[in-house]
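# Structure assessment
What follows is each chain in one-letter form.
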Amino acid sequence: MQAPRTSFSRAVYELFSSMRFAISLLTLLAIASIIGTVLKQSEPYSNYIIELGPFWFKIFALLGLYDVYHTGWFLGILVFLVLSTGSCIYRQTPLMLREIRSFREHATEASLRGFAHRADLAVGIAPAAVLERLTGYLAVRGYRYKIRAEGEAQPVLIAAKTGSYTRLGYLLTHGAIVIICIGGLIDGNVPLKVQELLGYKKVETRDLASNQVPAISRLSPANLSFRGSISIPEGGAADVIYLNVADGYLVQDLPFQIHLKKFRIEHYATGQPKSFESDIVITDPDSKKGFEGTVSVNHPIVYRGVAIYQAGFGDGGSRLTLNGWNLFSPAAGSFPFKGEVNQASRLANGQTQYSVEITDFKAFNVQDTGEGEDDEAAPPRDFWRNAERALGDAASSAPKKRAHNVGPSFQYKIRDAQGQAKEFHSFMLPLLLEGRRYFVSGVRGAPNEPFRYLRFPADENGAIDGYMRLRGTLFDKTLYPEIARRFAISATPNAAEQALRIKLAESTAKLLEIFARGGFEELAKFIEGSVAKAEQEKAAEAYFKVLERAGFEAWQLSRERAGQKPAQIDEQTALFVRDSLNAANDSFYYGSPVYFQLDHYDEVLSSGLQLTRSPGKNIVYAGSVLLILGVFAMFYIRERRIWLLVKSGEVLFAMSSNRKTLDFENEFGQHKSNLANLLKG
């Protein structure tokens, strides 16, 4: 086949024929495939923003790395490789087949003498026996041969060969590349990409129920290939899945319905999931028949070309009963609140209306509670070092502990009337941190932010009630005079110091009022505005000591009002009061006036299923098998050719191979020796 003559056609011909260019494209595909394996594909864009940050998110999005196997440039490379490699196969196949069939029996003596591996062998036997011995020798060693005889006056040429099928390796490897690329194009769903480009399909970005998604954002059950997921609660059913595309989704209608009968999960002693599986019923709308099966991890069910995988699990609408406290109210008691996961409920705080949206619930939580507490929800201030010195460092590091189950937790959002929301993460049971137990609740303003956790100290009964009573007392202005009086008496045991007691009580009551307005930050402002700068550090230490002693009296008063015995004056009581003051201060930065604690729950689990239709998968597998066979044929089958030119009294022996290796050198020497001995007689 001759190369094209025009400049344009020649350029196209050279481009399609360039081996180096094809190898470069294959290398690019390999790199893209590695990225597609390492970087989780087809996730919601918000997940990538959280994981990568805004800058790298934009770079990766520009390159299409979030759905690399369906990007235009990836599919374009596949198309180019199919055309380029197919063109090479079309051009080279006739030549390869001719070479496989050819014995090259028309070689001349001059050309044979030009071979690097040749030898002249003397003949010591009758001429009639030469051909018989030579052909027998070749046949025994697996060589096929062809004899060229041109008359009695002309020498006889025996052309032999073995291993010619190594050339099939070229055809197999190139054909494998074409087949693999075609399989990739099929699973790349090129028709869908064309529909998107032409505007026939559009990604939906609104949060709609599946039955409200318009037809332009829906895919029919006959869609060529897809990979999507769905979460089905126990007792629920689904006949659609969601395909994450860019910053939205498409709804894929299924050719059947899946009903989740039961979801089962087992845990290790630490609380980590051990195994989970789903009992499902598949109903075919065409036959009106259904069959039951169990889907577990790595054991999918395949029905009508769609593979159903067990991908995960989550909450399917658990019903939660909560206790709520107004963090800035003098009331120590809680109010009941009921909610359901993935549902919103109304909450009123005076004249302000809120929406409480419970987003997740987990009965098991595996946590490492030995992490450092650098995420405390308190703002940095210059005076904060004084507070740490006076009240102790609540954020000191602790050695890491082994991860274990810390019990149920739930996440929820509190949204105000303007639509602004903060997200919270609270645990049902107290966590052991630095040797003491705390009720922990985290808050964040956006999904890409980490939770900042607030600690509420547990009382001697392991409950939050003790702290809430103390908190209510600290925010009850009517009790400040009594708290201040008790502190003044304990600080001035001499009854003769009545005037000092009165003055100290007044100062203590004012200090409690300042703290109730804004915690340590409000107290810092007071110190900065009323004390000389040189004396601010000493004043801060003195005020914090007074606040801690007053907090102890408030703790005793709250116990009396609850009908409890007075607290023992010991280190544990001091730590509880100190932690309570820290928690009351951090409440100003909690982001919500209300704290919810989980009281009890009715868990409903959901099964996360991934459904795929991948008709190109088997094609890729077939291409991979051909690729292995082709590589084996090219590298492990050696073509060797032998020519024996029989003349009067001598035989010219020549040999060639497609690969000049040490083995070939040894084989040539062995043949030369054997043939010489064979012809001696």
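## Describing the overall build of the protein chain
In terms of regular secondary structure, the protein chain is built from 17 helices and 26 strands. Over its C-alpha atoms the protein chain spans a radius of gyration of 41 Å, topping by over 25% the 26 Å that the globule rule assigns to 681 residues. In terms of principal-axis extent, the alpha carbons of the protein chain reach across some 150 × 65 × 55 Å. Per-residue burial for the protein chain yields a buried fraction of 42% across its 681 residues. In the protein chain, the proportion of contacts linking residues at least 24 apart, taken out of those at least 6 apart, comes to 66%.

## With respect to the side chain of Asp284
Relative to the elements of secondary structure, Asp284 occurs in strand β8 (residues 273-284). Of the residues examined, Asp284 reaches a relative accessible area of 7% and is grouped as buried. Of note is the side chain of Asp284, whose polar atom sits 2.9 Å from the backbone nitrogen of Asp286. There is a polar contact of 3.2 Å between the side chain of Asp284 and the side chain of Arg304. With sequence-adjacent residues up to four places away left out, Asp284 is seen in contact with Pro255, Phe256, Lys289, Tyr303 and Arg304.

## Things to note about helix α8 (residues 167-187)
Three or four residues apart is the spacing at which side chains of an α-helix point the same way, because the helix has 3.6 residues per turn. Relative to the 30 Å expected for 21 residues at 1.5 Å per residue, α8 spans 31 Å between its end C-alpha atoms, a close match to the ideal helical length. Taken residue by residue, α8 has Gly169, Tyr170, Leu171, Thr173, His174, Gly175, Ala176, Val178, Cys181, Gly183, Leu185 and Asp187 as its buried positions.

## Describing the sheet that holds strand β23 (residues 594-602)
What the three strands build is an open sheet, ordered β13-β12-β23; its pairing is antiparallel. The open sheet terminates on both sides in strands that have one partner only, identified here as β13 (335-340) and β23. Mean inter-strand twist for the sheet, computed between neighbouring axes without regard to direction, equals 30°. Where strand β12 (residues 319-326) and β13 come together, six bridges link them in antiparallel fashion. Bridge pairing in β13 places Leu320 opposite Gly339.

## Some words on the state of the cysteines
By the definition in use, this model includes zero disulfides. Here Cys88 stays unpaired: no disulfide links it, and the sulfur of Cys181, its closest cysteine neighbor, is 13 Å away. For Cys181, a relative accessible area of 4% gives the class buried.

Quick notes on the rules
Residues numbered from 1 in each chain as written. Predicted model: local features only at pLDDT ≥ 70, side-chain atom pairs only at ≥ 80, totals over all residues. Heavy atoms only, no water. Helix = DSSP H or I, 4+ residues; strand = E, 2+ residues; numbered from the N terminus. Rg over C-alpha atoms; globule rule 2.2 N^0.38 Å. Buried < 20%, exposed > 50% of the residue type's maximum accessible area, 1.4 Å probe, protein only. Contact = heavy atoms within 4.5 Å. Polar contact = N/O pair within 3.5 Å; in protein donor to acceptor, adjacent residues only side chain to side chain. Expected span 1.5 Å × (residues − 1). Pairing = 2+ DSSP bridges. Axes fitted to C-alpha atoms, helices over the stretch in contact; angles between N-to-C directions. Disulfide = S-S within 2.5 Å.

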